[in-house]
Every structure is written in structure tokens, then in C-alpha cells.
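Each chain is listed here by its residues.
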Amino acid sequence: MSLRAPELLLPAGSLDKMHTAFRFGADAVYAGQPRYSLRARNNEFQLDQIELGINQARALGKKFFVASNLMPHNAKVKTYMADMEPIIAMRPDALIMADPGLIMMVREKWPEVPVHLSVQANTVNYATVKFWQALGLTRIILSRELSLDEIAEIRQQCPDMELEVFVHGALCIAYSGRCLLSGYFNHRDPNQGTCTNSCRWDYKVHDAEENPAGDIQKIDFNFGSALEQAETSFADCGQQQRHPLADKVYLIEESARPGDLMPVLEDDHGTYIMNSKDLRAIEHVARLVEMGIDSLKVEGRTKSAYYVARTAQSYRQAIDDAMAGKQFDTNLLATLEGLANRGYTDGFYERHHTHDYQNYMRGHSESNRSQYVGDVTGYDAQTGMAEIAVKNKFSVGDKLEIIHPTGNFDVVIDAMCIKNKSVTVAPGTGHLVQVKVGQDCRDGMVARYL
């Protein structure tokens, strides 16, 4: 069977990020109306921007998908079809949808419009894929909670349906993002697009007990000491009994709400209200290509243009290498370490990492970690000087990486100036500095090696 390159799908929270995604290797982007997508906050796309984005993508031979994947209450169902009229007229390449009722309405009125089933619909088996295929949907975005083997089985059972999977970005503690934490804490409903990422706040754990009246109350207890003692006891008994701390009741305290103690249960598997690591599955791209997955998706419409550039460039290389039959380049792991992250995991793709597999967890060099420090805003070919809009501090003597769609290269700063005055430090956001790089790097970005 001949391999077919999957689409590389990047997030676009703005037109600038869309342009960045395309320059650095994306085949398609997704964006959404704030009212009907799951990014109501930090979303620059209104009707004018969506139309411009669709037209510009089409002119480049790229695709533009419109996310319309919230779970609407009655009020939004009543306004949905009228509000979607102008979007449909723009002819996006597809709508990304989750709610069965809205999908039914769209399919009835605009049967010619391709609909992709959102990850919010939690598709975890091939029967569900076939169900949606029978209703005329053209692509299924599979749940993040699937292993590679499960995805492979779905691909085998549904050979003529487009399948899309997430390979990078934030993970939710709820099943494929269907979460109530933000709504509970500050009345901003994640399923309506206003998530405040409550699962990533800083929590402290306190021990508690239930009194005869059924109320949860705090008790004096050294949780860390008890946990260490319990783990030792649990290991000594060969894990044949329930964990000593399982089924206990605890109270959590968020750092911005001191004294506001909230009950949470913990069982054998842990406490389901804490921070998740970020997804990074670039080491699995080759297997996903081999399966015939149609689209590899990066999460992050609220992230920076630098994040978009780095992830697009890295996953573009991983896809191209896989198509060429090359071995996985572990330097890509180190490249992605340079992005702001909460620690990486490959999620549910590999349920049990063992020594039978290559050690991707710590087998790559961490010496090339870097920090985003600016954008190249101009270049003088006669002097070889680049103008950099500073985002983070860097200094003379630092080694910089110029990140460019045509290829990255390094330069060590031996001098720089601001408004023709020699300086030794680029102090931070709001400054324009001139640095000699000796190579045309317009439209590039700049990172400092740490």
C-alpha cells in the first residue's frame, strides 16, 4: 500500500497566526466564531476576518475549517441557523461540529457543506464512525482517549472515512474536553467556549473526614507523610489489596482562594481535578502516517504565533521524514521542549511504556532548549543587519536561532544597537534592535538558546 501524506492542521486564533501556520508548513487551519466555537475568549475571528481568512487560504491552495462545536442551550439553537447563513455563503472547506441537533439542522438545510465531527463528540469506536458516516459527515475527529492500536482498528474497519487525530497541545482532565470545572468555580462554561482552565490552577490538598451529619470537615493530618507510609505498605503487600488512601475524602485549596476548601474524592487511580501535562505525540507520526490517518491536528488557538511556527515546522518535518522512510529525528523532541509547556506526555497513545520500545522519554538532548525572544521585522541586504521586534530579553554574546520557513540557522550576537546607539542588552517587549545576521531572514522569528 502506498503511503499518503496526512494533512497538517494548525490552529488559527487570528489572521496573523493563520499566515504563520501556512508559512511554516500547515496544509489547513481551523478557526471559529466566538459565539459558536469553544474559544469565545482570545479569539479575533469575526465575520470579516473569517471571510478574509477563507479567501486567503483558498488563494494559497490551503484549507480553512470553521469550528462550530459548542454544546448549545436553547437560546443559541434559536439563533444558530440565521447566524450561520453568512458563514455558509463564504464557502469554508468544512464546519467542525459536535451537537447532533445542530448537525441535523445544517445537514437538512445545507447538505452540500462538509461537516467534520468534533472531538467533543467523544468518538471512541468504529461503530460510531459508521453511524456518523451514514448521516453524511465527511470526517471524524477521534477522541483523545484512544490508543494507537484502537485508532488502527478504527481505520481498518472504516477505510473510506476521513479520520483526524490530535498530536500536540493542551489536554483536558475531562473526557475530550467536556468539563464543568470552570463553570463551577467562576460561572464560565467550558462547553460554551469560555473555559478558564481551572484544572491548571495551583491546588493544595488537605485531609478531611465526613462527620455524622454528612458534612465534610478538615482534620489535622500530614498528607505527605501518610502518602509515603501508605505507598510503602501498598508495595510490600504486592498491590493485592486496595490502596490504603483509596476512597478517602480530601479537601483542595486553590492558591487564589485561601481558606475556601472544596471536597474531592481520591481512589486507586488518583485525584481527577489536577493539572494535566501537554500532549506531544510527534514520535508517533510515522505510525499514524502508516495507518493512513487523514489529518494530524495541533491544539492551541490561544497560543502565540511562535508556538504555531514551531509546531508547524516540527510536525511538517516529522510528516515529510515519515513519507521519505527516514528514522524519527529525536531533535524534534528537544525543539518542542523550547515551547512553554506543563511537561509533555503522549497521552493515551501508548498505554504502557516499556523498555521494549525506544526511550523517547529522555533519549533526546536537552541542550538545545530555547526561548522565543522576537520577530524579524526588516532586513538590510547591504549591511546584513536584521531589525528585531523584541519580545523577551537577550544580550550580546547570546546564541540565537533564526526560525524561518526556508530553514533555520544560528547566529552569535557580537554587537547590536537601538536607534543607531550601541547596546549590550535588548531589554524586552517594545524595543526594536538591529543585529547583524548576514542572511535574509525577513518573516522569521528569533529564539535564544538557554
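Everything that follows concerns the structure shown earlier in this document.
Below, the structure is looked at part by part. (Residues numbered from 1 in each chain as written. Predicted model: local features only at pLDDT ≥ 70, side-chain atom pairs only at ≥ 80, totals over all residues. Heavy atoms only, no water.)

Re the nonpolar core
Of all hydrophobic cores here, the largest spans 91 residues; its most connected members are Phe64, Leu95, Leu142 and Val165. With ten residues, the single largest contributor to this core is helix α10 (residues 305-323). Not counting residues up to four positions away in its chain, the partners in contact with Leu95 are Val66, Met84, Ile87, Ile88, Val106, Val113, Pro114, Val115 and His116. Ranked by size, the runner-up nonpolar core spans 20 residues in total, among them Val373, Leu400, Ile413 and Val446. (Core = buried A, V, L, I, M, F, W, Y, C linked by side-chain atoms within 4.5 Å. Buried < 20%, exposed > 50% of the residue type's maximum accessible area, 1.4 Å probe, protein only. Helix = DSSP H or I, 4+ residues; strand = E, 2+ residues; numbered from the N terminus. Contact = heavy atoms within 4.5 Å.)

Some thoughts on the pattern of salt bridges
If you walk through the whole model with that rule in mind, you get 15 salt bridges. Here Arg4 ties to Asp294 by a salt bridge, and the two come within 2.9 Å at their closest N and O atoms. Of this pair, Arg4 sits in the segment before β1 (7-11) while Asp294 sits in the loop between α9 (285-291) and β13 (295-298), placing them 290 residues apart in sequence. Among the salt bridges present, the one from Glu337 reaches Arg280, with a minimum N-O distance of 3.3 Å. Taken together, the residues Glu337 in helix α11 (residues 331-337) and Arg280 in strand β12 (residues 278-280) connect sequence positions 57 residues apart. Judged by its relative accessible area of 7%, Arg280 falls in the buried class. (Salt bridge = Lys/Arg side-chain N within 4 Å of Asp/Glu carboxyl O.)

As for the environment of Leu137
Tracing the chain through its elements places Leu137 in the loop between α5 (126-134) and β6 (139-141). Linking Leu137 and Val113, residues 24 residues apart in sequence, is a C-alpha distance of 9.3 Å. Dropping the residues within four chain positions of it, Leu137 is found in contact with Ile103, Arg107, Val115, Leu117, Trp132 and Met161.

Some words on unusual backbone geometry
Even without a glycine there, the phi angle at Lys419 is positive, about 50°. The topology assignment puts Lys419 in the loop between β20 (416-418) and β21 (421-423). Here Lys419 falls in the exposed class, since its relative accessible area comes to 76%. The backbone of Asp443 shows a phi angle near 70°, a positive value even though the residue is not glycine. Along the chain, Asp443 turns up in the loop between β23 (432-436) and β24 (445-449).

Considerations on the packing of helix α1 (residues 15-23) against helix α2 (residues 47-59)
Between α1 and α2, whose axes approach to 10 Å, the crossing angle comes to 15°. Accordingly, the angle class assigned to the pair α1 and α2 is roughly parallel. Crossing hand, α1 versus α2: right-handed. Touching Leu15, Met18, His19 and Phe22 of α1 are Gln49, Leu52, Gly53, Gln56 and Ala57, all from α2. (Axes fitted to C-alpha atoms, helices over the stretch in contact; angles between N-to-C directions. Parallel < 35°, antiparallel > 145°, perpendicular 65-115°, else oblique. Left-handed = near helix turned anticlockwise from the far one by under 90°.)

What about the sheet that holds strand β15 (residues 370-380)?
Within the open sheet, the eight strands sit side by side as β19-β18-β24-β15-β16-β23-β20-β21. Their pairing is antiparallel. Edge positions in the open sheet fall to β19 (409-412) and β21, since each of these has one partner strand only. Neighbour-to-neighbour, the strand axes of the sheet open up by a mean angle of 40°, direction not taken into account. Two elements, strand β18 (residues 399-403) and β19, share four bridges in a ladder whose sense is antiparallel. If you follow Leu400 over to β19, its bridge partner there is Val411. (Pairing = 2+ DSSP bridges.)

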